[in-house]
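Commentary on secondary and tertiary structure
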Amino acid sequence: MLIPIDQAAEYLGMTVESVRYLARHKRIPAAKVGRAWRFHKADLDSFIRNQYSPSKEESKPVTAEA
């Protein structure tokens, strides 16, 4: 289901202008239909998920113990 930019902005907690900027610069998945930007909610969820940085525990290299 595609949602318009105002709903995407509300869902992300951003301004419409910020979401438009991210879409225009291909930093967030979006499709331009005519003059309007449209977003899949699942793509917005992925965008949010990708913004997380790993914790210090998760970023430690895994080593084999003998």
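Below is a short write-up of the structure. Note that the structure is predicted; figures quoted are calculated from it, not measured.

**Side note on unusual backbone geometry**
- Phi angles above zero are rare outside glycine, and Lys26 is one such case at about 55°.
- Residue placement: Lys26 occurs in the loop between helix H2 (16-24) and strand E2 (31-33).
- The exposed category is assigned to Lys26, whose relative accessible area is 75%.

**Focus on the sheet that holds strand E1 (residues 2-4)**
- The antiparallel open sheet is built from three strands, whose spatial order is E1-E3-E2. Edge positions in the sheet fall to E1 and E2, since each of these pairs with one other strand and no more. Neighbouring strand axes in the sheet, compared pairwise and without regard to direction, differ in orientation by 45° on average.
- Bridge count between E1 and strand E3 (residues 36-40): three bridges; the pairing is antiparallel. Along E3, the bridge assignment pairs Leu2 with His40.
- Those strands touched by helix H3 (residues 41-50) are E1 and E3, and its axis lies near 75° from that of E3.

What counts and how
Residues numbered from 1 in each chain as written. Predicted model: local features only at pLDDT ≥ 70, side-chain atom pairs only at ≥ 80, totals over all residues. Heavy atoms only, no water. Helix = DSSP H or I, 4+ residues; strand = E, 2+ residues; numbered from the N terminus. Buried < 20%, exposed > 50% of the residue type's maximum accessible area, 1.4 Å probe, protein only. Pairing = 2+ DSSP bridges. Axes fitted to C-alpha atoms, helices over the stretch in contact; angles between N-to-C directions. Contact = heavy atoms within 4.5 Å.

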